[in-house]
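# Survey of secondary and tertiary structure
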Amino acid sequence: MTTHGDPATHSGAPAVAARTGPPDAGEDLPATAAEGLPAALAGLRAAIGAARFPLTLPSAEPARRTAAGLTDQLDDYLLPRLARLDAPLLVVVGGSTGAGKSTLVNSLVQARVSAAGVLRPTTRSPVLVCNPADAAWFRQGDLLPGLTRTNEPSEHPGTLHLVTAPALPAGLAFLDAPDIDSVVDANRALAGQLLAAADLWLFVTTAARYADAVPWELLRSARARGAVIAMVLDRVPPEAVDEIAAHLSEMLAAQDLGAAPLFVLPETWVDGQGLLPDKVTAPLSAWFARLAADADARAAVVRQTLDGALAALQPTVEGLADAADEEVAAADALDERVRAAYRGAQRTVDQGLKDGRLLRGEVLARWQEFVGTGELFRTLEARIGRLRDRLIAAVTGRTAPAAELRDAIESQLVTLLRGVAAEAAENAYTGWKAHPAGAALLDPALAHSSDDLPERAERLVRDWQRGVLELVRVEGGDRRFVARTAAYAVNATGLAVMIAVFASTAFIPTGLEVATGAGTTVAAQAVLQAIFGDQAVRNLANTARADLLDRVGALLDQEAARYLARTAEARPAARPAPRCAGPRARWRPPATAAACPVPTGRSCRTPATGAVAGERAERAFPRGSPGTPGGACAPGGRD
């Protein structure tokens, strides 16, 4: 067995590390504020649970993983641990495939409680070993509530096999986790989840695997969370113990993990039960025995790990908030592309009503026929106009000019609406297709207007025409002429108002209208002004135009809603947490914060083991000073 230093004086006893943040990283809060921390974390848990990251953005998948991991840590560790600070200390034993974790756990508890062998992966479901006196706490399921407790080994990774071992001191429990680099995805995910629920990481690696990338990635993650770590370097050839241990120590120091105690276990044999020799595991067993026997030391470990986990919350939540902001910004950008497309369609309709383009073609021909032949004046003269129209239609088979004009107006408007709706749908589709988040939401049907748009457009125009007639009827209700000629005059007057809507101003003709209409619009204007008055005519036309535009806006909004409904479904339901807000509390350090809680006859190693939190994290989650088991020793052993 190789050791670094005299074991009589360098016993590797638990020690409390120095504060990792600046001296003024935060002030101790009163007990009432600290008591509110579980409620604040429960609120944070609810906010994160409500947050979604559904859009196809570069930040979405990392945010989903981060949110899931943070939810697990809150559920599995922070909330239950805060509820029971005096609960047994949980040591999660993690490491690479074949590192000998199960053999080491079995040897430390002096019983074959976890399967060990040459097949990989050996540990499929985690095994938790505790003293019989502590079994009730772990069985009730507050810690790691997502794992089903079993009394027998299971092949299912969603179970937690509970085993009691009288040789393990009360107040301490070991959890043998699956391999962190397992070929089974579920095992790797579970290993990470269990390590995040640890009060103390016992990280096991080997002389052949200690420089692998995966373990160091997790060690850096543990450092960032301020977790308490102890290292076991297993299966080291006796002749290379000093060289490999020195190299690993340098690597730990380079990653700001130099204060983590390092235990070196040389290559050796196992007995008939698969346990390591007692002399190999004795230094590590003694280290844990002293930790289990000292309540203050256990409390210091728990507090440092909690303090580090809380300090890590702020930057993590900030990252989630940034990702949620990106989701909202992307959804807003997609919505704006849709609204811009349909605003353009609305402007096209508005411009079409102003520039006289709707007076061309069939509408102009029917209007010329209706006015130029004197039909308008005859229908306004007497009640016999309706009878005349019926007789002409019966003899000639031709629709009355008024009906033809009304149909022409409807057809012209419907054609315009179908055109602008189709163009808006195409523009919105193109806009979304150019955005990575929008492309994932697209359906080919969105590239065109709705199938029932023609029917809805026709219904819109007919409803608008009826509205114009009702407007004329109401406005002319006290006009003697309209009252005398009754409903037939209202129909003719209403058609004239509809034509007025299509002019650039209230019935002032454009050059094209004058050239092609032979001044008939001016004649109609004179009739309308004689009935209603000049200002009333303008008001009628403006009111009818505004009513038409409102109806068109509602129709286009319905078309745009096909897109907006998709972003509404994808829009994040809630922001993870208010910016720079969160549980701001830490624990007052024990009186022994700067000294070893267990007398060891040596000075404590106090370099920081946790990462310094960012400035924003320090403001919202100030770090405390409780420490970690310190003191490095390199007693021997193997798996």
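Notes on the structure follow. A quick note: this is a predicted structure, and the numbers were derived from the prediction, not measured.

Aromatic rings in a pair are described by how distant their centres are and how their planes are angled relative to each other. Under the defined criterion, the tally for this structure stands at six aromatic pairs. Seen from their ring centres, W287 and F288 are 5.0 Å apart, and the 75° between their planes marks the pair as edge-to-face. Both residues of the pair, W287 and F288, count as buried. One aromatic cluster is present, formed by F174, F263, W287 and F288 through successive ring pairs. Geometry around W137 places R84 over its ring, the cationic atom sitting 5.1 Å from the centre.

Regular strands place side chains that alternate from one sheet face to the opposite one. Taking burial as the measure, the nine residues of strand β7 (residues 228–236) include eight buried ones, the bulk of the element. Pairing analysis gives seven bridges linking strand β6 (residues 200–206) to β7, with the strands arranged parallel. Each bridged residue has a counterpart across the sheet, and for L202 the counterpart in β7 is A230. Between the parallel pair β6 and β7, the chain is carried across by helix α7 (residues 213–224), and the sense of this crossover is right-handed. Of the pairings in the sheet, the one linking β7 to strand β8 (residues 262–266) comprises four bridges and is parallel in character. What sits directly across from M231, in β8, is L262. Handedness of the β-α-β unit built from β7, helix α8 (residues 241–254) and β8 comes out right-handed.

Before going further, it helps to examine the environment of T66. With respect to the helices and strands, the residue T66 is situated in helix α3 (residues 60–83). By relative accessible area, which is 33% here, T66 ends up partly exposed. In contact with T66, other than residues within four places in its own chain, are T316 and L320.

Next up on the list: the environment of V338. In this structure, V338 sits in helix α10 (residues 295–354). Expressed as a C-alpha distance, the spacing of V338 and G431, which sit 93 residues apart in the sequence, is 7.7 Å. Setting aside residues no more than four positions away along its own chain, V338 makes contact with A428, W432, A560, Y563 and L564.

For A323, the position within the fold is in helix α10. By relative accessible area, which is 5% here, A323 ends up buried. Separated by 264 residues in sequence, A323 and S59 place their C-alpha atoms 5.9 Å apart. Apart from the residues lying within four places of it in its own chain, the contact partners of A323 are F53, S59 and A63.

Now for the packing of helix α4 (residues 101–109) against helix α9 (residues 278–293). The geometry of α4 relative to α9 is characterised by a closest axis approach of 10 Å and an angle of 65° between their N-to-C directions. Put simply, α4 runs roughly perpendicular to α9. In the packing of α4 onto α9, the handedness of the crossing is right-handed. For the pair formed by α4 and α9, the contact residues are L104, S107 and L108 on the first element and T281, L284, S285 and F288 on the second. Here the contact of α4 with α9 is composed, by residue class, of four nonpolar, three polar and no charged.

Moving on, we get to the nonpolar core. Generally speaking, nonpolar side chains in soluble globular proteins are found buried as a group. Membership of the largest hydrophobic core comes to 156 residues, with the highest contact counts inside it found for F174, F288 and Y342. Top contributing element to this core by residue count: α10, with 20 residues. Every residue in contact with Y342, bar those within four places of it in the chain, is listed here: A421, A424, A425, A428, L556, E559, A560, R562 and Y563.

This brings us to the sheet that holds strand β4 (residues 159–164). Spatially, β3-β4-β2-β5-β1-β6-β7-β8 is the arrangement adopted by the eight strands of the open sheet, whose pairing is mixed. If you trace the sheet from one side to the other, it starts and ends with β3 (148–150) and β8, each paired once. Ignoring which end each strand starts from, the neighbouring axes of this sheet average 25° apart. Pairing between strand β2 (residues 127–130) and strand β5 (residues 172–176): four bridges, direction antiparallel. Its bridge partner lying in β5, L128 is registered against L175.

Procedures and definitions
- Residues numbered from 1 in each chain as written.
- Predicted model: local features only at pLDDT ≥ 70, side-chain atom pairs only at ≥ 80, totals over all residues.
- Heavy atoms only, no water.
- Phe/Tyr/Trp six-rings, centres within 6.5 Å; stacked < 30°, edge-to-face > 60°.
- Buried < 20%, exposed > 50% of the residue type's maximum accessible area, 1.4 Å probe, protein only.
- Lys NZ or Arg CZ within 6 Å of the ring centre and 35° of its normal.
- Helix = DSSP H or I, 4+ residues; strand = E, 2+ residues; numbered from the N terminus.
- Pairing = 2+ DSSP bridges.
- Right-handed = clockwise from strand over helix to strand, strands pointing away.
- Contact = heavy atoms within 4.5 Å.
- Axes fitted to C-alpha atoms, helices over the stretch in contact; angles between N-to-C directions.
- Parallel < 35°, antiparallel > 145°, perpendicular 65-115°, else oblique.
- Left-handed = near helix turned anticlockwise from the far one by under 90°.
- Nonpolar A, V, L, I, M, F, W, Y, C, P; charged D, E, K, R; others polar.
- Core = buried A, V, L, I, M, F, W, Y, C linked by side-chain atoms within 4.5 Å.

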